[in-house]
Amino acid sequence: MKKIDTVLHHLVSQPIYARLRERECFRRIKAALPEPMRRGILFMYIKNRTLFFVVKHPAFKMEFDYKLSLIKNLLSSLPPVKEACIDDEITEIRAFVSKFSPAPKPPVDTEPRYRERARGTFDADSADPSIKEVFAQIKKSIEHNLRR
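Residues numbered from 1 in each chain as written. Predicted model: local features only at pLDDT ≥ 70, side-chain atom pairs only at ≥ 80, totals over all residues. Heavy atoms only, no water.

Participant: Even after reading the chapter, I still don't get the packing of aromatic side chains, so can you show me in this structure?
Facilitator: Each aromatic ring pair is specified by the distance between its two centres and by the angle formed by the two planes. According to the stated counting rule, one finds six aromatic pairs in the structure shown. Between Tyr45 and Phe52, the ring centres sit 5.0 Å apart and the planes meet at 20°, which makes this aromatic pair stacked. Following the ring pairs from residue to residue traces out a cluster consisting of Phe43, Tyr45, Phe52 and Phe96. The ring of Phe122 has Lys139 lying over it, and the distance from NZ or CZ to the ring centre is 5.3 Å. (Phe/Tyr/Trp six-rings, centres within 6.5 Å; stacked < 30°, edge-to-face > 60°. Lys NZ or Arg CZ within 6 Å of the ring centre and 35° of its normal.)

As structure tokens, then:
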């Protein structure tokens, strides 16, 4: 009886699943990179035996260019990455900044909203009519907040 690993390996090694193998290679490469570099990657692709990293910001591109030897070392030395990328002959590595930015996140409402705890059941005992008017406005405001 065959083990499940051999069956899956046989299935995935068929030409129809080449894209799946490529995505697994990219996932392994990305997992092997340091966290700051991982955050800057939008996506990766291979074209003419060149691995392209599409990054979010020019600062990430500079970091990729600076650590190019580290990435080449990862491809050649780490067994999981080497095994996953055995079908893709990667000879060069390049990074560039995408002109398309990811969809902006909707702004988060930072104004806190609290449920009104007051009931507006207080007496406005004052001789001054302007103070009585202010108390009446406060009561009206509390009643309005209770309805919301």
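Next comes the rest of the account.
Participant: What should I look at first to understand a nonpolar patch on the surface in this one?
Facilitator: On the surface, Ile4, Val7, Leu8, Leu11, Ile16, Tyr17 and Leu20 cluster together to form a nonpolar patch covering roughly 670 Å² of accessible area. For the nonpolar patch, the element with the most residues is helix H1 (residues 4–12), which contributes four residues. As for its position among the elements, Leu11 is in helix H1. The class for Leu11 is partly exposed, based on a relative accessible area of 39%. (Patch = residues over 30% accessible without salt bridge, like charges linked within 9 Å, V, L, I, M, F, W, Y side chains within 5 Å. Areas by Shrake-Rupley, 256 points an atom, 1.4 Å probe, with all protein chains shown as cover. Salt bridge = Lys/Arg side-chain N within 4 Å of Asp/Glu carboxyl O. Helix = DSSP H or I, 4+ residues; strand = E, 2+ residues; numbered from the N terminus. Buried < 20%, exposed > 50% of the residue type's maximum accessible area, 1.4 Å probe, protein only.)

Participant: What is the right way to look at the nonpolar core in this model?
Facilitator: Side chains that are nonpolar tend, in soluble globular proteins, to be buried together. Ranked by size, the top nonpolar core spans 20 residues in total, and within it Ile29, Leu33, Met44, Leu51, Phe53, Phe64 and Ile71 carry the most contacts. Elements with a minimum of two residues in this core: helix H2 (18–32), strand S1 (41–47), strand S2 (50–55), helix H4 (58–66), helix H5 (68–77), helix H6 (79–84) and strand S3 (92–97). The contacts of Ile71, once residues within four sequence positions are left out, are Leu33, Met37, Phe53, Phe64 and Ile93. (Core = buried A, V, L, I, M, F, W, Y, C linked by side-chain atoms within 4.5 Å. Contact = heavy atoms within 4.5 Å.)

Participant: What's the story with the pairing of S1 in this structure? I'm lost.
Facilitator: Within a regular strand, the side chains alternate between the two sheet faces. For S1 and S2, the ladder comprises six bridges, and the chain directions are antiparallel. Note that in S2 the partner of Lys47 across the bridge is Thr50. The turn linking S1 back onto S2 is made up of two residues, and Asn48 within it adopts a positive phi angle of 50°. (Pairing = 2+ DSSP bridges.)

Participant: How should I be thinking about the sheet that holds S2 in this particular structure?
Facilitator: Consider a sheet: its strands pair through backbone hydrogen bonds, and that pairing is either parallel or antiparallel. The strand order across the open sheet formed by three strands is S1-S2-S3, and the pairing between neighbours is mixed. In the strand order of this sheet, the two ends are held by S1 and S3, each with one partner. Taking the axes of each pair of neighbouring strands and ignoring which way they run, one obtains an average angle of 20° across the sheet. Taken together, the six bridges between S2 and S3 define a ladder with parallel strand orientation. Residue pairing for S3: Val55 is matched across the bridge by Val97. The strands touched by H2 are S1 and S2; relative to S1, the strand with the most contacts, the crossing angle is about 130°. Sitting on the sheet, H4 is in contact with S1, S2 and S3, with an inclination near 165° to S3. (Axes fitted to C-alpha atoms, helices over the stretch in contact; angles between N-to-C directions.)

Participant: Is there a simple way to think about the side chain of Thr50 in this case?
Facilitator: Within the element layout of this structure, Thr50 appears in strand S2. Residue class for Thr50 comes out buried when judged on its relative accessible area of 7%. Sequence-distant contacts of Thr50, defined by excluding residues within four places in its chain, comprise Tyr45, Glu92, Ile93 and Arg94.

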